[in-house]
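Observations on the three-dimensional arrangement
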Amino acid sequence: MTGTAPYDYTPPSDSRNDPESKASNLLGQLAPVPYEFTSPLGSRQDLESKNSSVVAWPEADNDHPSIPTSLWAEGGFLGCLTLFGGFVGSFATMGQVSSFGTYQAWYLQHQLSAYSPSEISWIGGLQLWIMMFSGGFVGRLFDAYGPTPLLASGTLIYTLSLMMTSLATRYYEFMIAQGFLLGLGAGLVYNPCIAASTARFRHFAGTSSGIVLGGSGGAVFPILLQRLLGTVGFAWAVRIQGFLALACCIIATLTISSPAPKNKDTPWIDLKSFRDTKYVLVCLAYALICLGLFIPSTYIVQYAQAQGLSQNLGFDLLSIMNAANTIGRIVPGWFADKLGRLNLMIPSALVAGVSCIALWLFAHDTATLAAFAVIYGLFAGATMGLDVAVTAQISPPENFGARVGMSYAFMSIPSLVGSPIGGAIYARQHGGYSGMIVFAAIFNILGFAFLMAVKLMINRNIFVIV
């Protein structure tokens, strides 16, 4: 039969409403994803009756708006401009954050040589935690005031943080400048980039969020920093990156907009969302994945050096991983809108975890490490790139910003402690990496299990597009 992918949000207090009335009420708030699907369960009505939380949408006719067939058809000029701004803003912020492994390798041999890898990784963990935790209040402010005030203030704070980092020489100075301030500025820029793109593209949520997240300059910043460190020194290397970030953030501020009406009545913490079991399980899945997700990118340079490879080759491996991560964020987003967002995110989390055990654990040469960098980067990127789209799929449009913000707050704590825990395991093994690698793998796989539980709650037929 010809069908459409469901918009899966069901208010927890009224989960048994008739599916057709739900479709009628929600039509126009979120355009569904078209697909061809022959259900082994029988007709559309049979499928609806077996699981009322999955809304099957009627085909477009004279009484219903047609389904958009392209990004331009859905978002228009302002939508595509928002995607461009989001791509550039993500390049400047997430690119810097995902390149902390380069800084960690430098600090171990220079400014912070007296500190352990675990202690240094707290700087990267703090910036990641602040960036994600800020999503809670940034999401609320986004709903109330739109993206522009947030982007403008984030641009100033983010640029200031990099300039202060260039002057830092002590551990606490790096924690304040590169940890706290950079994380705050990045959160004020990065979170509105994601929220605005998904607000403009509810039908192509996977594709749009993938494009924005694909802008993360993790493939560019390690190579750029590596070259600059060897030519102009640490201070000016960081300042040059600061000027580049300033230009990108200004572009993002001028181009990003949101069509959503401003809603100042949204609560800072939407407690009603926690009555939605699917939403809670998705947040827990994100949190578990984030405990291990960033360990490879934080330690791959250090690991490569431990295998006898040069530091420059370690930087190149990090760039390869981040480049694959970029592809993994963009391409699966398009397929997710066709095949189902959870259907893509679930196996991506599994493969990312398995690759740690199957490849990284036994990688002692350049070829194996490069293969791991590509495979892990691709599937970890797909996992990160689809989180907003999955959250949008199970959320009502009116408090989507708050829900995305709360989900990022959920992820912030494990993102803070994941890499330091990996460093502590490394220290307990007296320089061994196997415990850290297994730790990263286990929590990616646990996240996969929770996501699978959400999919089965929506529909027990694993072949349904969700």
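The structure contained in this document is the topic of the report that follows. Think of each chain on its own: its residues are numbered from 1, step by step along the sequence as written. With pLDDT at 70 or above as the cut-off, local features in this predicted model cover only qualifying residues; side-chain atom pairs require 80 or more to be listed or tallied, and sums for whole chains, interfaces and linings still use all residues. Think of the side-chain values as coming from all heavy atoms in the structure, minus any hydrogens and water.

Another point: the overall build of the chain. Helix and strand assignments come from DSSP, with helices taken as H or I runs of at least 4 residues and strands as E runs of at least 2, each series counted from the N terminus. If you tally the helices and strands in the chain, you get 19 helices and two strands. Only protein chains enter the accessibility calculation, which uses a 1.4 Å probe. A residue is then buried if its area is under 20% of the maximum for its type, exposed if over 50%, and partly exposed in between. Here the chain holds 466 residues, and the buried ones make up 59% of them. Sequence-distant contacts in the chain: of pairs separated by 6 or more residues, those separated by 24 or more amount to 84%. For the chain, the computed accessible surface area is about 17,100 Å², with 67% contributed by carbon and sulfur atoms. When checking whether two residues touch, look at their non-hydrogen atoms; a contact exists if any pair is within 4.5 Å. All accessible-area figures derive from a Shrake-Rupley calculation using a 1.4 Å probe, and residue coverage is judged against the displayed protein chains alone.

Now for the packing of helix α4 (residues 100–109) against helix α14 (residues 311–339). Lines fitted to the C-alpha atoms define the axes, with helices restricted to the stretch that makes contact. Angles between their N-to-C directions range from 0 to 180 degrees. Look at α4 against α14: their axes get within 10 Å of each other, and the N-to-C directions meet at 160 degrees. As the angle between them shows, α4 and α14 are arranged roughly antiparallel. Handedness of the α4/α14 crossing: right-handed. From α4, G101, T102, A105 and Q109 reach across to α14, where they touch Q311, F315 and L318. Only Asp, Glu, Lys and Arg are considered charged in this grouping, and only Ala, Val, Leu, Ile, Met, Phe, Trp, Tyr, Cys and Pro are considered nonpolar; every other residue, Gly among them, is considered polar. A per-class count over the contact of α4 with α14 returns three nonpolar, four polar and no charged. Every angle not falling under 35 degrees, over 145, or within 65 to 115 is termed oblique; those three ranges are roughly parallel, roughly antiparallel and roughly perpendicular. Crossing handedness: left-handed means the near helix sits turned counterclockwise from the far one by under a right angle, and right-handed means the same turn made clockwise.

Our focus in this paragraph is unusual backbone geometry. The residue H430 is not glycine, and still its phi comes out positive at about 55 degrees. With respect to the secondary-structure elements, H430 resides in the loop between α18 (400–428) and α19 (434–458). By relative accessible area, which is 76% here, H430 ends up exposed.

The next thing to look at is a nonpolar patch on the surface. Patch membership requires more than 30% relative accessible area and the absence of a salt bridge. Residues of like charge join within 9 Å; the nonpolar side chains Val, Leu, Ile, Met, Phe, Trp and Tyr join within 5 Å. A carboxyl oxygen of Asp or Glu within 4 Å of a side-chain nitrogen of Lys or Arg is what we treat as a salt bridge. Where nonpolar side chains cluster on the molecular surface, the patch consists of F87, I327, I330, V331, W334, F335 and L339 and spans about 600 Å² of accessible area. Within the secondary structure, I330 is located in helix α14.

Quick look at the packing of α14 against helix α15 (residues 341–358) now. Closest axis-to-axis distance for the α14/α15 pair is 6 Å, and the angle between their directions is 130 degrees. With respect to each other, α14 and α15 are oriented oblique. Across the interface between the two elements, P332, F335, A336, D337 and L339 of α14 pack against R341, N343 and L344 of α15. In terms of residue class, the contact of α14 with α15 is built from five nonpolar, one polar and two charged.

Let us look at the packing of aromatic side chains. When the centres of two rings from Phe, Tyr and Trp lie within 6.5 Å, Trp using its six-membered ring, the rings pair. Their planes under 30 degrees apart give stacked, over 60 give edge-to-face, and anything left gives tilted. Scanning all chains against the criterion turns up 18 aromatic pairs. With a centroid separation of 6.2 Å and an interplanar angle of 55 degrees, the aromatic rings of F274 and Y279 are classed as tilted. Under the relative-accessibility criterion, Y279 is labelled buried at 0%. Ring geometry for F439 and F443: centres 4.8 Å apart, planes at 55 degrees, overall tilted. Pair noted here: F439 and F443 are both in helix α19, with a separation of four residues, about one helical turn. Classification of F443 as buried rests on a relative accessible area of 18%. Joined through ring pairs, the aromatic side chains of F100, Y103, W106, Y107, F174 and F234 make up one cluster. It is R403 that lies over the ring of Y279; its NZ or CZ is 4.6 Å from the centre. Geometrically, a charge over a ring is one whose NZ (Lys) or CZ (Arg) sits within 6 Å of the ring centre while staying within 35 degrees of the ring normal.

All right, on to the nonpolar core then. In plain words, nonpolar cores are sets of buried Ala, Val, Leu, Ile, Met, Phe, Trp, Tyr and Cys residues tied together by side-chain atoms within 4.5 Å. Judged by nonpolar contacts, the single largest core of 118 residues is most densely connected at Y107 and W360. Tallying contributions element by element places helix α8 (residues 171–200) first for this core, with 12 residues. Once you skip the residues sitting within four places of it in the chain, W360 turns out to touch I295, P296, Y303, S355, L369, F372, M436 and I437.

Everything listed here is a matter of geometry and, on its own, says nothing about what the molecule does.
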